[in-house]
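Topology and contacts: notes
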Amino acid sequence: MNLFERYLTLWVALCIVVGIALGHFFPSVFQAIGAAEIAKVNLPVALLIWLMIVPMLMKIDFAALGRVKEHWRGIGVTLFINWAVKPFSMAALGWLFIGWLFRSYLPEAQIDSYIAGLILLAAAPCTAMVFVWSNLSDGEPHFTLSQVALNDTIMIFAFAPIVGLLLGLSAITVPWDTLLLSVGLYIVVPVAIAQILRRTLLAGSGNAALQRMLGRLQPLSLVALLTTLILLFGFQGEQIIAQPIIIALLAVPILIQVYFNSGLAYILNRWSGEQHCVAAPSALIGASNFFELAVAAAISLFGFHSGAALATVVGVLIEVPVMLSVVKIVNASKGWYENGAAVRRNRNRLSPTVKR
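Residues numbered from 1 in each chain as written. Predicted model: local features only at pLDDT ≥ 70, side-chain atom pairs only at ≥ 80, totals over all residues. Heavy atoms only, no water.

Thoughts on a nonpolar patch on the surface
A cluster of nonpolar side chains, contributed by Val18, Leu22, Phe25, Phe26 and Val29, occupies part of the molecular surface with about 460 Å² of accessible area. In terms of residue count, helix H2 (residues 8–25) provides more of the nonpolar patch than any other element does, three residues in total. Looking at the element boundaries, Phe26 is found in the loop between H2 and helix H3 (27–35). Take Phe26: its relative accessible area is 46%, and that puts it in the partly exposed class. (Patch = residues over 30% accessible without salt bridge, like charges linked within 9 Å, V, L, I, M, F, W, Y side chains within 5 Å. Areas by Shrake-Rupley, 256 points an atom, 1.4 Å probe, with all protein chains shown as cover. Salt bridge = Lys/Arg side-chain N within 4 Å of Asp/Glu carboxyl O. Helix = DSSP H or I, 4+ residues; strand = E, 2+ residues; numbered from the N terminus. Buried < 20%, exposed > 50% of the residue type's maximum accessible area, 1.4 Å probe, protein only.)

Rendered as structure tokens:
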């Protein structure tokens, strides 16, 4: 993790301050940016989202899907958490905390929108920062790569139906045309562009050329993220100043779902007998979110001013410190994990030539 990524939470906090200040002193500029849209998709933000996502997706080698069978236990656990547990647990937590327990402390008109933002945040598993978390937890790199590639493939087909189902259960009108357009713009097209660039670079000058290009694009990706946050908080600033407690309240269900899903994935891997070097990234992938997609979809579906957009931004704000705490937990508990009966049995069956 480089210096910029390590202090991402600090940069996000600075973007909050800058965005609120600019939105207060230059409201006409932000109104003009917000009006630059086609079919409810904001064009400046769409460009920024592409700059964020494409470099991350260029790291994905979809050929790694062929290695899924090598870590089938960890793959199965992570898929179960990502697609059968996390979106639904977040929806339940949103209804419990935002729709009931905290309802009287939040603006009534935005309650459903906040819940929608939380659902969007949980409906797409992370595709980029998990490589950092996996490295910090001494994770098996081939498992991480194959799991992310598999999740990206599933996301193309599953994101819209899951979001539509859960928003429907929340009694929120689902603008299906905008939702499907968001999937196309923020998943299908960036994946295609990233893979074309990746294959072109690898075919031309090999992996060295790919790594050089990623080195150039990564800072641009982070700058695009922070610029998007400045725009978001430029529109949300007045509401945040009036009710700063909103940020803290929205963070509660996000924090609970991160620790719940990572803990459940970790325990299920231990019960299944999976190696720790697979269980650690499995827990981290199971808990983290593709917040770039969530932010983009929230803006497209509900607009810059919406509670949904604000809820996804809160996810960005707490992502790094929370995931670092999960890394610390899985690293510190490695001894306990490897003392599990199923883990010991499977470790004894491994060939001496198998890594770890």
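Let's talk about helix H13 (residues 291–302)
Its twelve residues place the ends of H13 16 Å apart at the C-alpha level, agreeing with the 16 Å of an ideal helix rising 1.5 Å per residue. Burial of H13 is extensive: eleven of the twelve residues sit out of reach of the surface. (Expected span 1.5 Å × (residues − 1).)

Section: the packing of aromatic side chains
What the rule picks out here adds up to three aromatic pairs. Look at Tyr266 and Trp336: their rings are 6.2 Å apart centre to centre, the planes differ by 40°, and that puts the pair in the tilted class. Taken together, the positions of Tyr266 in helix H11 (residues 245–272) and Trp336 in helix H15 (residues 334–338) put the pair 70 residues apart, joining distant regions of the chain. Taken together, the ring pairs in this structure connect Tyr266, Trp336 and Tyr337 into an aromatic cluster. The ring of Trp336 carries Arg270 above its face, with NZ or CZ at 3.8 Å from the centroid. (Phe/Tyr/Trp six-rings, centres within 6.5 Å; stacked < 30°, edge-to-face > 60°. Lys NZ or Arg CZ within 6 Å of the ring centre and 35° of its normal.)

Examining the nonpolar core
Counting residues in each nonpolar core, the largest one holds 119 residues, and the members touching the most others are Ile98, Trp133, Phe159 and Leu229. For this core, the element with the highest residue contribution is helix H14 (residues 307–332), accounting for 15 residues. The contacts of Ile98, once residues within four sequence positions are left out, are Leu93, Arg103, Leu106, Ile111, Tyr114, Ile115, Leu118, Leu249, Leu250 and Pro253. (Core = buried A, V, L, I, M, F, W, Y, C linked by side-chain atoms within 4.5 Å. Contact = heavy atoms within 4.5 Å.)

What about the environment of Leu217?
Its location among the elements puts Leu217 in helix H10 (residues 207–242). Each C-alpha atom, one on Leu217 and one on Leu51, is 8.2 Å from the other, the two residues being 166 residues apart in sequence. Not counting chain neighbours up to four residues away, the residues in contact with Leu217 comprise Pro55 and Met58.

Digging into unusual backbone geometry
Residues other than glycine seldom take positive phi values, yet Asp138 does so here, at roughly 55°. Structurally, the position occupied by Asp138 is in the loop between helix H7 (129–136) and helix H8 (141–169). Judged by relative accessible area, Asp138 falls into the partly exposed class, the value being 44%.

That is the geometry; function is a separate question.
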